[in-house]
Amino acid sequence: MQEKINEIEQQIDEAVQDVQSSKSLQEIKLKFLGRTGKISELMKNMRDVPPEQRPSMGKLLNALRQWTEEKFNAIEKRLKDIELKKRYSDEKIDVTLPGRAAADGAYHPNTLVVNELVSIFSGMGFEVFEGPEIENDYYNFTALNTPADHPARDMQDTFYLAPELLLRTQTSAGQIRVMENKKPPIKILSPGKVYRSDDDATHSPMFSQMEGLVVDKGITLCDLKGMLDEFAKKIFGEGVKTRLRPSYFPFTEPSVEVDVSCFECGGKGCRLCKGTGWIEVLGAGMVNRRVLEGCGIDPDIYTGFAFGMGVERIAMLKYGINNMKLLFEGDTRFLKQFKG
């Protein structure tokens, strides 16, 4: 037994002689002290030792185990001290070096426009409401006076997720949710993303809209015109005028397309306004009686107007962007132009 102990001690000394890392030491440690290690195997063999020799043999093996553990612990402490010093050296920072300036980011044009629109309409007393992007057919179409067989559904190519579930095609769906749960007076602004199967230089399958709704006693088309005049001046500059042209939307009656006088040429006619002196910016109208009735609002007591605009459309006009796709590509060369 003593010969085996001496042999193991010699093997340990040779094994740790050139050890360079605590990881390598751990592998050696398992070789001798692990559950299947050489010292553990000797202790398992104690059952084969005659009973009268077990006390002396046990004493020798315990001494071997204690000597081995102390040796490994001492080497491990030395190696960890060396590794820690090396880590400190590798991670050393020269605090006297000049710092590297981080480039300032910039808001996306859409974000700039949304923030400006919210600020403008909040100043007129509007509250912000954000509806869900995944809508059911009722809120997106039926409640907005667009039943299943209505031809107006053909005006929008819809992404359906299920027979009655879709990606909303318009933020107008939020108007119904508000009117169902809130009694007039109502004055809300609803920004958000909408989805339609359309893709070219001026259209995208996903884009942003800003919807507005006002419902109260005595609301007329004159109130809509006055509000739009204020909006146009704030967003495009003083001197810009608005005009209303008859149009059609199933959820408003009468419905209008809203133009602003060209802020590039002052209404004289240029490439931006295609020589007309006017630029179309949004759609609007008086809330249809049937829509109010469907939400439990008496149209003989309350009236209202609604308007909706494409955020990308406003951004392209405001910042002179000629291709809508630039707003979705994430090109930093394009985006850095909008630093404040």
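Residues numbered from 1 in each chain as written. Predicted model: local features only at pLDDT ≥ 70, side-chain atom pairs only at ≥ 80, totals over all residues. Heavy atoms only, no water.

### Details of the packing of aromatic side chains
Part 1 of the argument: This structure, assessed with the given rule, holds 10 aromatic pairs.
Part 2 of the argument: Aromatic side chains Phe-121 and Phe-231 sit 5.9 Å apart centroid to centroid with 20° between the ring planes, which places their arrangement in the stacked category. Residue Phe-121 is found in helix α5 (residues 109–122), and its partner Phe-231 is found in helix α8 (residues 221–236); the two are separated by 110 residues along the sequence. Here the two residues Phe-121 and Phe-231 agree in accessibility, since each one is buried.
Part 3 of the argument: Linked through ring pairs, Phe-121, Phe-126, Phe-231, Phe-236, Phe-263 and Phe-307 together constitute an aromatic cluster.
Part 4 of the argument: The ring of Tyr-139 has Arg-177 lying over it, and the distance from NZ or CZ to the ring centre is 4.1 Å. (Phe/Tyr/Trp six-rings, centres within 6.5 Å; stacked < 30°, edge-to-face > 60°. Helix = DSSP H or I, 4+ residues; strand = E, 2+ residues; numbered from the N terminus. Buried < 20%, exposed > 50% of the residue type's maximum accessible area, 1.4 Å probe, protein only. Lys NZ or Arg CZ within 6 Å of the ring centre and 35° of its normal.)

### Description of the side chain of Gln-209
Part 1 of the argument: With respect to the secondary-structure elements, Gln-209 resides in strand β6 (residues 206–216).
Part 2 of the argument: At 3.0 Å, the side chain of Gln-209 and the backbone nitrogen of Thr-171 are in polar contact.
Part 3 of the argument: Setting aside chain neighbours within four positions, we find Gln-209 in contact with Thr-169, Gln-170, Thr-171, Ser-190, Pro-191, Gly-192, Val-194, Arg-196, Met-309, Gly-310 and Val-311. (Polar contact = N/O pair within 3.5 Å; in protein donor to acceptor, adjacent residues only side chain to side chain. Contact = heavy atoms within 4.5 Å.)

### Thoughts on helix α4 (residues 54–90)
Part 1 of the argument: Its 37 residues give α4 an end-to-end C-alpha distance of 53 Å, which sits within 8% of 54 Å, the value for a rise of 1.5 Å per residue.
Part 2 of the argument: Taken as a whole, α4 has its buried residues at Met-57, Gly-58, Leu-61, Leu-64, Thr-68, Phe-72, Ile-75, Glu-76 and Leu-79.
Part 3 of the argument: In this structure, the buried residues of α4 make contact with α1 (2–15), α2 (22–33) and α3 (38–44). (Expected span 1.5 Å × (residues − 1).)

### Points about the environment of Ser-197
Part 1 of the argument: Mapped onto the elements, Ser-197 comes out in the loop between β5 (186–195) and β6.
Part 2 of the argument: Along the chain, Ser-197 and Tyr-107 lie 90 residues apart, while their C-alpha atoms are 27 Å from each other.
Part 3 of the argument: Setting aside chain neighbours within four positions, we find Ser-197 in contact with Asp-157 and Phe-159.

### Comments concerning the sheet that holds strand β1 (residues 127–128)
Part 1 of the argument: Read across the sheet, 7 strands follow the order β1-β5-β6-β10-β9-β8-β7 without closing on themselves; strand pairing throughout is mixed. The sheet terminates laterally at β1 and β7 (242–249), the two strands that pair on one side only.
Part 2 of the argument: Relative to strand β10 (residues 303–310), strand β9 (residues 278–287) runs antiparallel, the two sharing 5 bridges. Bridging from a neighbouring strand, Leu-282 pairs with Met-309 of β10.
Part 3 of the argument: The strands touched by helix α7 (residues 173–181) within the sheet are β5, β6 and β10, with β6 carrying the most contacts at an inclination of about 35°.
Part 4 of the argument: Here helix α10 (residues 311–319) sits on the sheet and contacts β6, β9 and β10; the angle it forms with β9, its principal contact strand, is near 150°. (Pairing = 2+ DSSP bridges. Axes fitted to C-alpha atoms, helices over the stretch in contact; angles between N-to-C directions.)

### Topic: α5
Part 1 of the argument: The end-to-end C-alpha distance of α5, which contains 14 residues, comes to 20 Å, matching closely the 20 Å that a straight helix rising 1.5 Å per residue would cover.
Part 2 of the argument: For α5, the elements touching its buried residues are β5, β6, α8, β10, α10 and α11 (332–335).

### Topic: the side chain of Ser-261
Part 1 of the argument: Relative to the elements of secondary structure, Ser-261 occurs in strand β8 (residues 252–261).
Part 2 of the argument: Sequence-distant contacts of Ser-261, defined by excluding residues within four places in its chain, comprise Gly-239, Val-240, Lys-241, Gly-277 and Trp-278.

### Some points on the pairing of β7
Part 1 of the argument: The sheet contact formed by β7 and β8 spans 7 bridges and is antiparallel. Counted as the bridge partner of Ser-247 is Ser-255 from β8.
Part 2 of the argument: The turn linking β7 back onto β8 is made up of 2 residues.

### Considerations on the nonpolar core
Part 1 of the argument: Counting 35 residues, the largest nonpolar core has Phe-121, Phe-231, Leu-282, Phe-307 and Met-309 as its most contacted members.
Part 2 of the argument: Elements with a contribution of two residues or more to this core: α5, β6, α8, β8, β9, β10 and α10.
Part 3 of the argument: If one sorts the elements of this core by residue count, α8 sits on top with 7 residues.
Part 4 of the argument: Sequence-distant contacts of Phe-121, that is, excluding residues within four places in its chain, are made with Phe-126, Leu-189, Met-227, Phe-231, Phe-307 and Met-309. (Core = buried A, V, L, I, M, F, W, Y, C linked by side-chain atoms within 4.5 Å.)

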